Amino acid sequence: MTLFVGNFEDGVTVLGNDFKEVQERIEEAVDFKTMVGIVENYLIKKVKQAKIGAQPIDQVFQHSQWHLQTLDQMAQAAYLSSRQFERNFLPRIGVSPKFYSRLIRFNTAMKMKQNQPRLSWMHVAYQSGYYDHMHLLRDFKQFTASVPSHFEMETALIY
């Protein structure tokens, strides 16, 4: 996965000929949400077909708020040293544990704000596990290329 970050690759070249149908359906889709659904259905089908054996690192994802734990706590839950955990995490997930934790924490904040729009961003930041609202603002700028006051939360697709 890390080989494709920041690069454009043809879907058929990477995923095979069965992706042609997905491309055609995406071209015929009327809106972005439909496109996302088409791709999600395809990827879920592919994941179900994959035969990847369970590894100790998979135990980490069973915890509901694992992203609030330290790297050492996550490594311990996976029965690995911190270094082994980092080495195994990247090929398994595609990003580093720290970056993935940031993504999950940011997504949690976005869901909270979308579900409860009256909450202040400061309250959302603290409830989502941020040290302060400036850390949330930094992630907001990086992940959305925007600031909260200019972001259209009502129309955002948040998973």
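How each quantity is defined
Residues numbered from 1 in each chain as written. Predicted model: local features only at pLDDT ≥ 70, side-chain atom pairs only at ≥ 80, totals over all residues. Heavy atoms only, no water. Helix = DSSP H or I, 4+ residues; strand = E, 2+ residues; numbered from the N terminus. Buried < 20%, exposed > 50% of the residue type's maximum accessible area, 1.4 Å probe, protein only. Contact = heavy atoms within 4.5 Å. Areas by Shrake-Rupley, 256 points an atom, 1.4 Å probe, with all protein chains shown as cover. Lys, Arg positive; Asp, Glu negative; His and termini not counted. Charge placed at Lys NZ, Arg CZ, Asp CG, Glu CD. Expected span 1.5 Å × (residues − 1). Arc of directions from axis to C-beta. Polar contact = N/O pair within 3.5 Å; in protein donor to acceptor, adjacent residues only side chain to side chain. Axes fitted to C-alpha atoms, helices over the stretch in contact; angles between N-to-C directions. Parallel < 35°, antiparallel > 145°, perpendicular 65-115°, else oblique. Nonpolar A, V, L, I, M, F, W, Y, C, P; charged D, E, K, R; others polar. Core = buried A, V, L, I, M, F, W, Y, C linked by side-chain atoms within 4.5 Å. Salt bridge = Lys/Arg side-chain N within 4 Å of Asp/Glu carboxyl O.

Section: the overall build of the protein
No. 1: Within the protein, the secondary structure is distributed over eight helices and zero strands.
No. 2: If you list the helices and strands of the protein from N to C, you get α-α-α-α-α-α-α-α.
No. 3: Its C-alpha atoms put the protein at 45 × 40 × 25 Å along the principal axes.
No. 4: Burial analysis of the protein (159 residues in total) assigns 25% to the buried set.
No. 5: In the protein, once contacts between residues fewer than 6 apart in sequence are set aside, the share between residues at least 24 apart is 46%.
No. 6: For the protein, the accessible area works out to roughly 11,300 Å², and carbon and sulfur atoms hold 54% of it.
No. 7: The centroid of the 18 positive side-chain charges in the protein is displaced by 7 Å from the centroid of its 16 negative side-chain charges.

Observations concerning helix 8 (residues 133-144)
No. 1: Here helix 8 spans 16 Å end to end across twelve residues, near enough to the 16 Å set by a 1.5 Å rise per residue.
No. 2: Here helix 8 has its buried residues at Leu-136, Asp-139 and Phe-140. Down the axis of helix 8, the sector holding all buried residues measures 105°, keeping them to one side.
No. 3: Buried residues along helix 8 sit against helix 6 (97-115) and helix 7 (121-127).
No. 4: Residue Asp-132 occupies the N-cap position of helix 8, its side-chain oxygen lying 3.2 Å from the main-chain nitrogen of Met-134.
No. 5: At the C-terminal side of helix 8, Ala-145 shows a positive phi close to 55°.

Topic: unusual backbone geometry
No. 1: The backbone phi angle of Tyr-79 is positive, close to 60°, even though this residue is not glycine.
No. 2: Along the polypeptide, Tyr-79 turns up in the loop between helix 4 (71-77) and helix 5 (82-93).
No. 3: Of note in the backbone geometry, Ala-145 takes a positive phi value of approximately 55° without being a glycine.
No. 4: One can find Ala-145 in the segment after helix 8.
No. 5: The exposure class assigned to Ala-145 is exposed, which follows from its relative accessible area of 71%.

Overview of the packing of helix 6 against helix 8
No. 1: The N-to-C vectors of helix 6 and helix 8 enclose an angle of 100°; their axes lie 10 Å apart at closest approach. Classified by the interaxial angle, the pair formed by helix 6 and helix 8 is roughly perpendicular. Mapping the contact onto sequence places Phe-99, Arg-102, Leu-103, Arg-105, Phe-106, Ala-109 and Met-110 in helix 6 and Leu-136, Arg-138, Asp-139, Phe-140, Gln-142, Phe-143 and Thr-144 in helix 8.
No. 2: Residues that form the contact of helix 6 with helix 8 fall into these classes: eight nonpolar, two polar and four charged.

Quick word on the nonpolar core
No. 1: By size, the foremost hydrophobic cluster in this structure holds 13 residues, and its most contacted members are Phe-106, Ala-109, Met-110, Val-124, Tyr-130, Leu-136 and Ile-158.
No. 2: At the level of secondary structure, the elements contributing two or more residues to this core comprise helix 6, helix 7 and helix 8.
No. 3: Looking at this core element by element, the count peaks at four residues for helix 6.
No. 4: Beyond its immediate chain neighbours, meaning those up to four positions away, Ile-158 contacts Asn-107, Met-110, Lys-111, Gln-114 and Met-153.

Overview of the pattern of salt bridges
No. 1: Enumeration over the complete set of coordinates arrives at three salt bridges.
No. 2: Here Asp-18 and Lys-46 are joined by a salt bridge, their closest N and O atoms 3.0 Å apart. Remark: Lys-46 occurs in helix 3 (residues 32-49) and Asp-18 occurs in the loop between helix 1 (11-15) and helix 2 (19-28); sequence separation between them is 28 residues.
No. 3: Taking the shortest distance from any N to any O, the salt bridge between Asp-139 and Arg-138 comes out at 3.7 Å.
No. 4: A residue is classified by how much of its surface remains accessible, and Asp-139, at 0% relative accessible area, is buried.
No. 5: When its relative accessible area of 43% is taken as the criterion, Arg-138 is described as partly exposed.
No. 6: The network of salt bridges with shared partners includes Arg-102, Arg-138 and Asp-139.

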